[in-house]
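Here are the chains, one letter per residue:
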Amino acid sequence: TALIETMNELQLVAAAHRERKFLLEKQSHLSQWLPICVPVTRWIAWPGPPLGHPVFAIAPLILPIIFKVYDALGSFRCPSSYILFKNQARQLFSPAQDSWLPSDLKYCAVFYEGVHDDARTNICLALTAADHGAYLLNYATVTKILSSSSGRACGVQVCVQQFSCAQENKTLVLDIHAKRIVLAGGPFTDDLRALEKDPVLKTNNFKPAVSGAAGSHLVLRDRYVPTNMALLDMATSDGRFLFVLPWYGRTLIGTTDVPEKAHNSFAAPSNEVKWLLSEAQTYLPLLRNAVESEKKKKIISSAWRGWRPLASDPYNTLPPGLASRDHIVTENPATGLLFVLGGKWTTYRKMAQDVVDRICPNVKCCTEDIILIGGAKNFSFDSLLQNEILPLLPNNKDIAYHLARTYGTRAPSLIQHYASHLLNRLHPDFPFIQAEVAYACDFEYALDIADILILRTRLACLDIDAARQAAPRVADILASRLNWSIDQRSRALDDALCTLDQFQPHLEAT
């Protein structure tokens, strides 16, 4: 069984490598390489082997070989993995004489992975789709699957949230008809499937398609890893992998794979927050010292969680009970409703291709050649930053870097389009500027304060206190563009602050 699982995992990795190449080469304005360091503190991982399987107890001895195999699965297109010996690692992780690594360190194995801002990639996908003729509907909730007289799915009913002053307190309900309906609801796919007028789905025979896996994350106010390297713990106390990454001068700690049904809340459970903080101290002595000397809540600036959908096909194209990390495209034979779920960000393009191939098998896919909004053929981040953006912001290099990495070739026009007062920061500790709020509202469909602070700037994910302080200014900018009344601005701000409260770290006992 372990061998079969390993072979399946290798096939999944190889497929992901092909799509990763597309992201890092064609969408280089959104994605970049990041070296990830795996500290090794014992030669035999026992007790508590990686992945909880005895065969992996020898992983510390062969980790460099494992990562070379990982490189090979990607046809060696990624930067090569390598070994950091003990002294080399200490020099890299010790800019201030204090060791950032454990005293019993043997060596570090380093491999490369692609990283991106998932929310920004999602926005660029939507904008690029609109450029190619797609119709977009934002802030809309599907409330019904429409059916024809024969019982086939022929459309959806949606409720659209209204934001402008003239439409205050109104809800727009639309019936949208189409030849084929595709559900791409991620971890909420089963909730959408339940809207069908299919008698089978209303009985005890309903078979779930999604096994939700929750992942909690927290952000530390200080930086505990180098600015250009992440850390991975492959042998945590409960077998999960733990990532520690640099992010806007802070430290992001996260993991996945706690089985749980998805729901609309960002709040990270207190037991997960405490577990993350405790596990991270294994390889970060400076963090351990900080936890012992300060209040834990002062160390953590934000905490949240999300879900990924592990897929199982209710129409039996997968073995019974098997949840897949790969994606599936399947169809309800009774209604013709198609849905896609599973997979991961790396393979989003292939997932979409498989859906369209299922619906339009005679149409050739061209998405491998499409560059998303903000990119360009032969895109050079360094050239854009040095030649086009830094001359406009010579005294704010961190803002220039952030805008180049976020908006790509559109960054110079963003800077030039808005008055100088909108080039001020939303918060003094971060490179997000007020012009980004106006730009998101004017050109990127953003109409909500919480949307700006959570998904467009990520300020709430980085520092909840900073986000709350910036919220009134965001409200002012949106109010001026959407013609909000004073009362509507006040209610919108209250709603946003209520949503932001979910990012407060909770460490109380559960």
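In short, a report on the structure. The structure presented is a predicted model; accordingly, all values stated were derived computationally and were not measured.

## So, the packing of aromatic side chains
Scanning all chains against the criterion turns up 14 aromatic pairs. Between Trp247 and Trp304 the ring centres are 6.2 Å apart and the planes differ by 45°, which places this aromatic pair in the tilted class. Taken as a pair, Trp247 in strand E10 (residues 242-247) and Trp304 in strand E13 (residues 300-311) lie far apart in primary sequence, 57 residues in all. For the pair Trp247 and Trp304, a shared accessibility class is recorded, and that class is buried. Ring plane angle 45° and centroid distance 5.2 Å describe the contact between Tyr439 and Phe443, whose orientation is recorded as tilted. Taken together, the residues span about one helical turn, with Tyr439 and Phe443 both in helix H13 (residues 434-443) at a distance of 4 residues. Residue classification places Tyr439 among the buried residues on the basis of a relative accessible area of 6%. Residue Phe443 is classed as partly exposed on the basis of its relative accessible area of 41%. Ring pairs connect the aromatic residues Trp247, Tyr248, Trp304, Phe430 and Phe432, which therefore count as one cluster. The ring of Trp275 has Arg240 lying over it, and the distance from NZ or CZ to the ring centre is 4.1 Å. The ring of Phe381 has Arg405 sitting right over it, with the charged end atom 4.0 Å from the ring centre.

## Looking at the pattern of salt bridges
The full count for this structure, using the stated rule, is 25 salt bridges. The salt bridge involving Arg221 is made with Asp463; its shortest N-O contact spans 3.1 Å. With Arg221 in the loop between strand E8 (210-220) and strand E9 (230-233) and Asp463 in the loop between helix H15 (459-462) and helix H16 (464-482), this pair connects stretches of sequence that are 242 residues apart. Taking the relative accessible area as the measure of exposure, Arg221 reaches 27% and is therefore partly exposed. Asp442 is the salt-bridge partner of Arg481, the closest N and O atoms lying 2.9 Å from each other.

## Observations concerning the sheet that holds strand E4 (residues 140-147)
An order of E4-E5-E6 is seen for the 3 strands of this open sheet, with the pairing classed as antiparallel. Looking at strand neighbours, the two that pair on one side only are E4 and strand E6 (171-177), the edges of this open sheet. Ignoring strand direction, the axes of neighbouring strands in this sheet form an average angle of 20°. The sheet contact formed by strand E5 (residues 153-161) and E6 spans 7 bridges and is antiparallel. Along E6, the bridge assignment pairs Val156 with Ile176.

Calculation rules
- Residues numbered from 1 in each chain as written.
- Predicted model: local features only at pLDDT ≥ 70, side-chain atom pairs only at ≥ 80, totals over all residues.
- Heavy atoms only, no water.
- Phe/Tyr/Trp six-rings, centres within 6.5 Å; stacked < 30°, edge-to-face > 60°.
- Helix = DSSP H or I, 4+ residues; strand = E, 2+ residues; numbered from the N terminus.
- Buried < 20%, exposed > 50% of the residue type's maximum accessible area, 1.4 Å probe, protein only.
- Lys NZ or Arg CZ within 6 Å of the ring centre and 35° of its normal.
- Salt bridge = Lys/Arg side-chain N within 4 Å of Asp/Glu carboxyl O.
- Pairing = 2+ DSSP bridges.
- Axes fitted to C-alpha atoms, helices over the stretch in contact; angles between N-to-C directions.

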